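Remarks on the overall topology
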Amino acid sequence: MKPRLIVLLAILIGSFTGVIAWRWANAAPATPAGPESATATSSVDAAPGGSALSAPTTTEPSRLVERLAYVTTRRGTPLATEPGEAGTPVAGGVLLPVLAETEGGYRIFDVCNQEGWVDASEVDQGMVPAEPEPGRFDEAIFVIDPGHGVPDYGAVGPSGLAETEVNLDVASRVVDLLGSPHTIDWDTGGITRGDEIPAAATAVLTRSPDGPNEGDYQLGLTYRATVANALDATALVSIHHNTVPEMNLDHPGSEAFVSVDNPESPRLGGLIVEELRTALARFDADWTGSPGDGLISRVDSEGDDYYTILNHAEVPAAIIEGAYISNPTEEALAMTDEFRQAYAEAVYRGMVRFVTTDEYPIPAPEPDLWEVDRPAPSMSDCRVPPP
């Protein structure tokens, strides 16, 4: 009898001890009081001019709340005029800004400046930060617009280089830079992989090499601005190359057309022009351009922005003209990877400064009345690209 009792007591004591030990091992650690309990964040670096550059926090998941701003078509996505109607299949990879969510789908604005409707199950959703914090590059939203797109070739160089091709390549390089963290040597302009400048929250192309015809297709001017408005972009930058210079220069004739209505537009354009003229000066060319410091605001007879993109954009926007492709030596440069990468990196540095500093390097220009009788590109034959 006694041996059995001893064994039973040993089992009971062992079980009780095991439960206590298990609870002790799995108990949540106590949260210490005081500042030590705060979530750690990464350090903040200095930007040009002494302003602070934002660095992403180490917390996961992101504190950002996101919202739907655009959709991207899949191959064969039906694009309809209204919900319930039979849609026309379109190519994959076309970005469509969302105007409203309705009846199981989205009212969108297409590349031909027309409203339409797509079923939510037939597209890929594009999210952006709902309330990005000003000054934080990791919360910034960028829309990069490659100017023109066939059948609108834009400027054509003496040897046949089409502006639409160069614009798309440069714009794609800009988005690639925005999509990953870098360190910038502000003395030399050199850009390397690093953690000084975080990746932007969102960077999209209005026409992408992943889209139809490898990204070379027609876009309406109002569409380009509507994309930026739907995303509530931190900046809209339209990439171009110029033609018909006024004079010979001893420096690159890079320019930016900027808005008369948005004070941040000249600041955006000025920072990019400053970076471009500095970066391209290392190349050898018979530079051409216009007199002045590179910022131009053209207005119509009503005093409104002459260019549709600037007139319709509700966000800071600039149309950038990197070089004069109609000039043989500048066209030859535009054919090279080195020039295109230098162009893209200059735009990137300008946008970093735009977000992270208060610099205003070039004064806003006086409005220039522009009464050139030049019809806008015809959209009468525009079609959303088919599959």
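As a convention, each chain's residues are numbered from 1 in the sequence order in which they are written. Since the coordinates come from a predicted model, pLDDT governs what is reported: local features require at least 70, and pairs of side-chain atoms require 80 or more to be given and counted, while whole-chain, interface and lining totals use all residues. Side-chain figures throughout are based on the complete set of non-hydrogen atoms in the structure, without hydrogens or water.

To continue, consider the pairing of strand S7 (residues 105-109). The side chains of a regular strand alternate between both faces of the sheet. Between buried and exposed lies partly exposed: a residue is buried under 20% and exposed over 50% of the maximum accessible area for its type, with that area taken using a 1.4 Å probe on protein chains only. We count a stretch as a helix when DSSP gives it H or I for four or more residues in a row; a strand needs E for two or more, and each element gets its number in order from the N terminus. Burial of S7 is extensive: five of the five residues sit out of reach of the surface. Here strand S6 (residues 95-102) hands over to S7 after two residues, with Glu103 in that stretch at a positive phi of 50 degrees. Should DSSP find at least two bridges between two strands, the strands are taken to pair. Where S7 lies against strand S8 (residues 115-119), five bridges are found, and the strand directions are antiparallel. Its bridge partner being in S8, Arg107 is matched across the sheet by Trp117.

So, on to the sheet that holds strand S20 (residues 367-369). Strand pairing in a sheet relies on backbone hydrogen bonds. The paired strands run either parallel or antiparallel. Read from one edge of the open sheet, seven strands run S13-S10-S14-S19-S16-S18-S20, paired in mixed fashion. Each edge of the sheet is formed by a strand with only one pairing partner; in this case those strands are strand S13 (202-205) and S20. Averaged over all pairs of adjacent strands, the angle between their axes in this sheet comes to 30 degrees, without regard to strand direction. Summarising the sheet, strand S10 (residues 141-146) and S13 pair through four bridges and their orientation is parallel. Within S13, the residue paired with Phe142 across the bridge is Ala203. Every residue pair with non-hydrogen atoms within 4.5 Å of one another is taken to be in contact. Convention adopted: a line fitted to C-alpha atoms gives each axis, helices being fitted over their contacting stretch, and angles between N-to-C directions are expressed from 0 to 180 degrees. Of the strands in this sheet, strand S14 (235-242), strand S16 (255-258), strand S18 (295-299) and strand S19 (317-324) touch helix H4 (residues 264-280), which is tilted by about 20 degrees from S19. Sheet contacts for helix H7 (residues 337-356): S10, S14 and S19; angle to S14, the most-contacted strand, approximately 150 degrees.

What follows covers the packing of aromatic side chains. Think of it this way: a Phe, Tyr or Trp ring, Trp meaning its six-membered ring, pairs with another when their centres are within 6.5 Å, and the plane angle makes it stacked under 30 degrees, edge-to-face over 60, tilted otherwise. For the coordinates displayed, the defined rule picks out six aromatic pairs. A ring pair is formed by Phe137 and Phe142, whose centres lie 5.4 Å apart and whose planes are at 45 degrees; its orientation type is tilted. Here Phe137 and Phe142 have matching classes, each one buried. Where Phe257 meets Tyr307, the ring centres are 5.0 Å apart and the plane angle is 55 degrees; that geometry is what we call tilted. In this pair, Phe257 sits in strand S16 while Tyr307 sits in the loop between S18 and helix H5 (308-312), placing the two residues 50 residues apart along the sequence. An identical accessibility class is assigned to Phe257 and Tyr307; each is buried. These aromatic residues form a ring-pair network of at least three members: Phe137, Phe142 and Tyr348.

What follows is about the nonpolar core. Among the nonpolar cores identified, the biggest contains 53 residues, and Phe137, Phe142, Ile144, Leu178, Val237, Tyr348 and Met351 are the most heavily contacted of them. Listed by contribution, the elements that provide at least two residues to this core are S10, helix H2 (163-178), S14, S16, H4, S19, helix H6 (328-334) and H7. It is H7 that contributes the most residues to this core, 11 residues altogether. Among buried residues, the Ala, Val, Leu, Ile, Met, Phe, Trp, Tyr and Cys ones that are joined through side-chain atoms within 4.5 Å form a nonpolar core. Ranked by size, the runner-up nonpolar core spans 42 residues in total, among them Leu96, Ala228, Ala230 and Ile309.

As a further point, take the environment of Arg277. Note on placement: Arg277 falls in helix H4. Distance in space between the C-alpha atoms of Arg277 and Tyr343 is 9.5 Å, their sequence separation being 66 residues. In this structure Arg277 touches His251, Pro252, Gly253, Ser254, Glu255, Gly292, Asp293 and Gly294, once residues within four positions along its chain are discounted. Under the rule applied, a polar contact is a pair of N or O atoms within 3.5 Å (in protein, one hydrogen donor and one hydrogen acceptor; residues adjacent in sequence only if both atoms are side-chain atoms). Within polar-contact distance, the side chain of Arg277 engages the backbone oxygen of Pro252 at 3.5 Å.

It is possible for side chains of opposite charge to pair when their charged atoms get near one another. The salt bridge criterion pairs a side-chain nitrogen of Lys or Arg with a carboxyl oxygen of Asp or Glu, the two atoms within 4 Å. Under the criterion given, the structure shown has 16 salt bridges. The partner of Arg349 in a salt bridge is Glu275, with the nearest N and O atoms 2.8 Å apart. With Arg349 in helix H7 and Glu275 in helix H4, the pair connects residues that are 74 residues apart, well separated along the chain. Each of the salt bridges in this network shares a partner with another, and the network as a whole consists of Glu165, Asp169, Arg173, Asp337 and Arg340.

Moving on, we get to the sheet that holds S6. As summarised here, the arrangement of the five strands in space is S8-S7-S6-S3-S9, forming an open sheet in which the pairing is antiparallel. Of all the strands in the sheet, the pair left with one neighbour each is S8 and strand S9 (123-129). Put simply, the sheet's adjacent strands are angled 40 degrees from each other on average, direction ignored. Along the sheet, helix H3 (residues 221-231) makes contact with strand S3 (66-73), S6, S7 and S9, crossing S6 at roughly 55 degrees.

Following Val150, the chain continues to Pro151 via a peptide bond in cis, the omega torsion being 10 degrees. Mapping Pro151 onto the fold places it in the loop between S10 and H2. Located in the positive-phi region is Glu214, a residue other than glycine, with phi close to 55 degrees. Structurally, the position occupied by Glu214 is in the loop between S13 and H3. Despite not being glycine, Val244 shows a phi value in the positive range, around 55 degrees. Judged by its relative accessible area of 64%, Val244 is exposed.

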